[in-house]
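Survey of secondary and tertiary structure
What follows is the residue order along each chain.
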2 protein chains.
Amino acid sequence: MADAKSSKPDVTALSHVSREAFRDGMAHLAGAVNIVTTDGPAGRAGFTATAVCSVTDTPPTLLVCVNLSSSVAPAFLQNTALCVNTVGPDLAELAMAFGGKLPVDERFVEQDWSADVTGAPCLKGAAVSFDCHVTARQEIGTHAVLFCEVLSVVRADSPSASVYYARKFHALDS
Amino acid sequence: MADAKSSKPDVTALSHVSREAFRDGMAHLAGAVNIVTTDGPAGRAGFTATAVCSVTDTPPTLLVCVNLSSSVAPAFLQNTALCVNTVGPDLAELAMAFGGKLPVDERFVEQDWSADVTGAPCLKGAAVSFDCHVTARQEIGTHAVLFCEVLSVVRADSPSASVYYARKFHALDS
């Protein structure tokens, strides 16, 4: 996997905005609720993320931001299999479990999971699942941005999704 | 600005998913509707983007994906000032104008804009505006990912935002 640490910005001195003002502003940038999973040599792990977005369709690529100090970071940095499962309001409780302090293995107990192309856990009942191979990463401050080529897409017939906005879940119908 | 072209992935051969299947899946990954602007030596420009997300609060950083073949790309790649303006349903028409074929200068005619720290156009009436300095970029296929340190955040008192999901705008209240 390519590693782009050399382009880490060195501009801390420029920062005029407090961490609190940034977080408060970011609470008003809505994001889809995704349960992001991995499996492989470094073990199975998963967490809930809104910091996921499309990058390009050539080759089909998305990105996921991972906090380097989180308990799941080692698995996501060492494995190359990753699945983004976008969930709807029916899976809000599971999204909260994956976003909380529950030990990693207990997070996977309640729901049905399957392996698609890469072996990362794909969630049955997700609005859409993107099964990916991590192809590059870039570290920025406390986080790593993982660039992921999408190898398989599984979409529900009548998906409904949730977004996180103003520190609450909001349901969307398609 | 640091440039991380060396970590561009070279994995096209792995791709098992068609561009259409990827786009259809991505239509079900909801994203906030943002009018992203720039100004500087390469001129003023702006476009509508959902591919924007938070990266880290240390230092406060977000990212924006830009299509390298778009008419606005040269301005975004050469200037270092960038403003992400998250908009609500009252600005849906403006978001469509910035997402369409209207010549760049005509996009700015209808609304009030101001310069904050960097000089990039901040939109009056946005739910939240993040005024940024572009600190690094990474090219992935057809797109560049711009990493942006946030220097100022301006938030409306009672913001409402829009997300784009299933190829439609959806309104959110805070």
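The rules behind the values
Residues numbered from 1 in each chain as written. Chains lettered and ligands numbered in written order. Predicted model: local features only at pLDDT ≥ 70, side-chain atom pairs only at ≥ 80, totals over all residues. Heavy atoms only, no water. Salt bridge = Lys/Arg side-chain N within 4 Å of Asp/Glu carboxyl O. Helix = DSSP H or I, 4+ residues; strand = E, 2+ residues; numbered from the N terminus. Phe/Tyr/Trp six-rings, centres within 6.5 Å; stacked < 30°, edge-to-face > 60°. Buried < 20%, exposed > 50% of the residue type's maximum accessible area, 1.4 Å probe, protein only. Lys NZ or Arg CZ within 6 Å of the ring centre and 35° of its normal.

1. Concerning the pattern of salt bridges
Summed over all chains, the structure comprises eight salt bridges over all chains. For Asp105 of chain B, the salt bridge identified is with Arg44 of chain B, shortest N-O distance 3.4 Å. One end of the pair, Asp105 of chain B, is in helix H4 (residues 104–107); the other, Arg44 of chain B, is in the loop between strand E3 (34–38) and strand E4 (45–49), with 61 residues separating them in the sequence. The network of salt bridges with common partners includes Asp24 and Arg167 of chain A together with Arg155 of chain B.

2. Observations concerning unusual backbone geometry
Note that the residue after Thr58 of chain A, namely Pro59 of chain A, is joined by a cis bond; omega there is -5 degrees. Inspection of the secondary structure puts Pro59 of chain A in the loop between strand E5 (52–57) and strand E6 (60–67). For Ala166 of chain A, which is not glycine, the phi dihedral falls at a positive 55 degrees. Turning to its location among the elements, Ala166 of chain A is positioned in the loop between strand E12 (160–165) and strand E13 (168–173). Its identity is not glycine, yet Arg167 of chain B carries a phi of approximately 60 degrees, on the positive side. As for its position among the elements, Arg167 of chain B is in the loop between strand E12 (160–165) and strand E13 (168–173).

3. Overview of the packing of aromatic side chains
All names here are of chain A. Under the counting rule described, the total for this entry stands at 10 aromatic pairs over all chains. Seen in terms of ring centroids, Phe47 and Phe76 are 5.1 Å apart; in terms of plane orientation they differ by 85 degrees. Their pairing is edge-to-face. Of the two residues, Phe47 sits in strand E4 (residues 45–49) while Phe76 sits in helix H2 (residues 73–78), which places them 29 residues apart along the sequence. For the pair Phe47 and Phe76, one class covers both residues: buried. By the ring-pair criterion, three or more aromatic residues cluster together here, those being Phe98, Phe108 and Trp113. Between the NZ or CZ atom of Arg44 and the centre of the ring of Phe108, over which it lies, the distance is 4.3 Å.

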